[in-house]
Amino acid sequence: MYLLMDSMHSLQALYGGTFDPVHYGHLKPVEILANLIGLQRVTIMPNNVPPHRPQPEATSETTQRDAGPGHCG
């Protein structure tokens, strides 16, 4: 995770990974951290080509569905 501050009032984070498939084990720690340190925004950046294992099987549609309402889009 990378933290960015684009102004004194806007702390944001980038969270990258393959998320194959996305699940609460990916989302819940980010949500907790965001609340603890006051992140204004977390951008989740899926990587479809992992450097350490074979290509993921999840599609963007299943990833959005499995993330649940309010987590994608």
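Remember, predicted model here, so these are calculated numbers, not experimental data.

Each value, and the rule that gives it
- One numbering rule holds for all chains: residues counted from 1, following each sequence as written.
- In view of the model being predicted, local features appear only for residues whose pLDDT reaches at least 70, and side-chain atom pairs are presented and counted only at 80 or more, with totals across whole chains, interfaces and linings using the full set of residues.
- Just so you know, side-chain values use all the structure's heavy atoms and leave hydrogens and water out.
- Numbering of helices and strands runs from the N terminus; a helix is a DSSP stretch of H or I covering at least four residues, while a strand is a stretch of E covering at least two.
- The span one expects for a helix is its residue count, reduced by one, times 1.5 Å.
- Three labels apply to residues, based on accessible area from a 1.4 Å probe with only protein chains included: buried if under 20% of the type maximum, exposed if over 50%, partly exposed otherwise in between.
- Our arc is simply the arc of the directions from the helix axis toward the C-beta atoms.
- A 3.5 Å cut-off defines polar contacts: any pair of N or O atoms within that distance qualifies, except that in protein one atom must be a possible hydrogen donor and the other a possible acceptor, and neighbouring residues in sequence count only when both atoms are side-chain atoms.
- For patch detection, residues must exceed 30% relative accessible area and be free of salt bridges, and they are connected within 9 Å for like charges or within 5 Å for nonpolar side chains (Val, Leu, Ile, Met, Phe, Trp, Tyr).
- Note on areas: Shrake-Rupley, 1.4 Å probe, and residue coverage restricted to the protein chains presented here.
- Any Lys or Arg side-chain nitrogen found within 4 Å of a carboxyl oxygen on Asp or Glu counts as a salt bridge.

J.: I tried to follow helix 1 (residues 24-37) on my own but got confused; where do I start?
T.: Note on helix geometry: an α-helix contains 3.6 residues per turn, so any two residues three or four positions apart are oriented the same way. Between its terminal C-alpha atoms helix 1 stretches 20 Å, which fits the 20 Å expected from 14 residues at 1.5 Å a residue. Turning to helix 1, its buried residues number three or more, namely His-26, Leu-27, Val-30 and Ala-34. Along the axis of helix 1, the buried positions cluster into a sector of 80 degrees, meaning they face one direction only. Exposed positions of helix 1 whose direction lies more than 90 degrees from the buried face are Tyr-24, Asn-35 and Leu-36.

J.: Teacher, can you tell me more about the side chain of Ser-10 here?
T.: Structurally, the position occupied by Ser-10 is in strand 2 (residues 10-17). Among the polar contacts listed, one links the side chain of Ser-10 to the side chain of Gln-12, at a separation of 3.2 Å.

J.: How should I be thinking about a nonpolar patch on the surface in this particular structure?
T.: Together, Ile-32, Leu-36 and Ile-37 line one region of the surface with nonpolar side chains, adding up to about 290 Å² of accessible area. Structurally, Ile-32 is set in helix 1. On the basis of relative accessible area, Ile-32 is assigned to the partly exposed category, the value being 43%.

J.: Whenever I open this one, the pattern of salt bridges confuses me. Can you help?
T.: A full pass over the atoms with the stated rule returns 1 salt bridge. Between Lys-28 and Glu-31 there is a salt bridge, and its shortest N-O distance comes to 3.7 Å. Residue Lys-28 and its partner Glu-31 are located together in helix 1, separated by 3 residues, close to a single helical turn. Using a relative accessible area of 35% as the deciding quantity, one classes Glu-31 as partly exposed.

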